[in-house]
Amino acid sequence: MASHHCVKVAGHWARQWHPAFQDRHHRWHPGQWTRVWRPAHLECHRGHHRG
């Protein structure tokens, strides 16, 4: 039995949460959902799961 398996993940747009932050002018910007490009890659998962 293999200790891990890899899955080919196609490139896609993923939503990522950006928490509120303070810019260099000391202004606060609220948290927001942004879209980030995730290029195609291999995702390898080990056989056992943690937590």
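Right above here is the structure, for reference.
Computed from a predicted structure; not experimentally measured. (Residues numbered from 1 in each chain as written. Predicted model: local features only at pLDDT ≥ 70, side-chain atom pairs only at ≥ 80, totals over all residues. Heavy atoms only, no water.)

S.K.: Could you clarify how one ought to interpret the environment of A20 in this entry?
M.R.: Considering the arrangement of structural elements, one finds A20 in the loop between β2 (12-18) and β3 (21-22). Linking A20 and Q32, residues 12 residues apart in sequence, is a C-alpha distance of 7.5 Å. Apart from the residues lying within four places of it in its own chain, the contact partners of A20 are W28, H29, P30 and G31. (Helix = DSSP H or I, 4+ residues; strand = E, 2+ residues; numbered from the N terminus. Contact = heavy atoms within 4.5 Å.)

S.K.: Explanation requested: the environment of Q32 in the structure shown.
M.R.: Mapped onto the fold, Q32 is located in strand β5 (residues 32-38). In this structure the C-alpha to C-alpha distance between Q32 and W17, which are 15 residues apart in sequence, comes to 6.0 Å. When residues no more than four places from it in sequence are discounted, the contact partners of Q32 are Q16, W17 and H18.

S.K.: What am I meant to see in the packing of aromatic side chains here?
M.R.: Any pair of aromatic rings gets described here by the distance separating the centres and the angle formed by the planes. Going through the model one piece at a time under the given rule, you end up with 2 aromatic pairs. A centroid spacing of 5.4 Å and a plane angle of 65° characterise the contact between W13 and W37, whose relative ring orientation is edge-to-face. On the criterion of sequence distance, the pair formed by W13 in strand β2 and W37 in strand β5 is long-range, its members being 24 residues apart. Between the NZ or CZ atom of R15 and the centre of the ring of W33, over which it lies, the distance is 4.5 Å. (Phe/Tyr/Trp six-rings, centres within 6.5 Å; stacked < 30°, edge-to-face > 60°. Lys NZ or Arg CZ within 6 Å of the ring centre and 35° of its normal.)

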